[in-house]
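Fold and geometry: a report
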Amino acid sequence: MSSLARFRNRYQLLATVLVTGVQLPAVLWLCWLTRTPIPAIAAVLISRPYLRQFEAPWQTMQPARSVYLALGWWAACAVFDVLMLPAALAVRAGVPSVAAWSLAGAFALGMGVDSVLGRPRVRRKAVRIAGLPPELDGYRIGQLSDVHCGPYATEKQVASWVSRLNALELDLVTVTGDLITHGSTYVEAVARALGGLRAKDGAFACMGNHDYFTDGEHLVRQLRHNGLTVLRNEGVVLERNGARLYVAGVDDTWTRRDDLDRALAKRPEGVPTVLLAHDPDLFPEAEAQAVELTLSGHTHGGQLGVPGVPRLSLGRFVTVWAAGLYRRDRSWLYVNRGAGTTGPPARLGAPAELAVITLRRA
């Protein structure tokens, strides 16, 4: 057996074990409740088509109802597993059994549906910046990140996210990397969709690691052709009623194209800076150079986490900057959970988002 075949078999076995483990408590409970093996048979029928795709895990899984059904069901099972103990305790405390278990089941199913069909949520945050000119107080910056345009994030979907940001009439709009997943198939599509971004001071983008899983230079050309300003270790000065804001972007860290010193080289002294950096691990360097606000993505918020506990997710295995807003001294970091997905097209406890950051005077 070849090493590739062994990897495939181990990958499929691991996926099967994980999926079985997630479903087992909920399925056993349903079998006990119904006194039939029907829930177990249904679980096998739901899971089998998706698991067969792991026979070629390196290939992009194509959209199919069976994919969304399986992922939504597994997510619902995972949530129900967590709720089983609270529901049992509620019943022991006197809550009617039907009410407790029905509520747990309904919530789990709702979370399962949302994990595969939920659309990005608009998250609004305010950051207070020392020395911000009064003319920039209330300046609103939109952020779209980790689009991953492809089979599960089509050009039409990306265009809908663009339309939602445009409707907010922002001062500035940014795209912080990972516009595609891999390959050249969707380069033109994502560039066309993002070319529709509109803001008073323009649309700016930086590159992410996935953007070099294709011909990165071709992607940059397409983005610029469609009207975006792509910042690759460089920055520009924006003016608003005599006040200035420096917007910079660094290139990809995975391919070692990043150069923060170069990106900040033309920053005027005393001018507040917004840095686009796909990888949030650059934040300590940005903070050391007194960058007021860094906008990042990359982590997807873990894509899988504990609902209601935003920072308890798989993202914490990647970086301490998993998702949301962070502060060090006078520097801020916002880590966007992203709008798209990689791997399974599902999110649990890490919902997709479009961010709006408002600058305020400290």
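Scope of this entry: the structure provided in the associated data block.

Criteria and thresholds
- Residues numbered from 1 in each chain as written.
- Predicted model: local features only at pLDDT ≥ 70, side-chain atom pairs only at ≥ 80, totals over all residues.
- Heavy atoms only, no water.
- Helix = DSSP H or I, 4+ residues; strand = E, 2+ residues; numbered from the N terminus.
- Rg over C-alpha atoms; globule rule 2.2 N^0.38 Å.
- Buried < 20%, exposed > 50% of the residue type's maximum accessible area, 1.4 Å probe, protein only.
- Contact = heavy atoms within 4.5 Å.
- Pairing = 2+ DSSP bridges.
- Lys, Arg positive; Asp, Glu negative; His and termini not counted.
- Salt bridge = Lys/Arg side-chain N within 4 Å of Asp/Glu carboxyl O.
- Polar contact = N/O pair within 3.5 Å; in protein donor to acceptor, adjacent residues only side chain to side chain.

**Some details on the overall build of the protein chain**
A tally of helices and strands in the protein chain yields 9 helices and 12 strands. Taking 362 residues into account, the globule formula puts the C-alpha radius of gyration at 21 Å, and the protein chain, at 23 Å, falls close to it. Taken along the three principal axes of its C-alpha coordinates, the protein chain extends 75 × 55 × 35 Å. Within the span of the protein chain, comprising 362 residues, buried residues form 51% of the whole. When contacts within the protein chain are restricted to residue pairs at least 6 apart in sequence, long-range pairs at least 24 apart make up 71% of them.

**Details of the environment of A26**
Looking at where A26 falls in the secondary structure, it is placed in helix 1 (residues 3-34). Between the alpha carbons of A26 and N226 there is a distance of 49 Å; along the sequence they are 200 residues apart. Discounting chain neighbours no more than four positions away, the residues touching A26 are C77, F80, D81 and M84.

**As for the sheet that holds strand 5 (residues 229-230)**
Spatially, 6 strands are ordered 1-12-2-3-4-5 in an open sheet, and the strand pairing comes out mixed. Both outer strands of the open sheet, strand 1 (121-129) and strand 5, are each paired with one neighbouring strand and no more. Pairing geometry for strand 3 (residues 172-176) and strand 4 (residues 203-206), over 4 bridges, is parallel. Within strand 4, the residue paired with T176 across the bridge is C206.

**A look at the side chain of D211**
Position of D211 relative to the elements: it lies in the loop between strand 4 and helix 7 (216-225). Within the buried core, D211 has no salt-bridge partner, and the shortest N-O distance to an opposite charge, that of R232, equals 9.4 Å. Polar side-chain contacts of D211 include one of 2.9 Å to the backbone nitrogen of D178. For D211, the side chain forms a polar contact with the main-chain nitrogen of G208, separated by 2.7 Å. Non-local contacts of D211, meaning those with residues more than four positions away in its chain, are made with G177, D178, L179, I180, C206, G216 and L219.

**What to know about the pattern of salt bridges**
Tallying each qualifying case throughout the model produces 11 salt bridges. Measuring nitrogen to oxygen at the nearest pair gives 3.7 Å for the salt bridge that ties R360 to D137. Of this pair, R360 sits in strand 12 (residues 353-361) while D137 sits in the loop between strand 1 and strand 2 (139-144), and the two are 223 residues apart along the sequence. Note on R360: relative accessible area 33%, which makes it partly exposed. Among the charged side chains, a salt-bridge network with shared partners connects D171, K200, D201 and R240.

Spatial relationships are all this shows, so hold off on functional conclusions.
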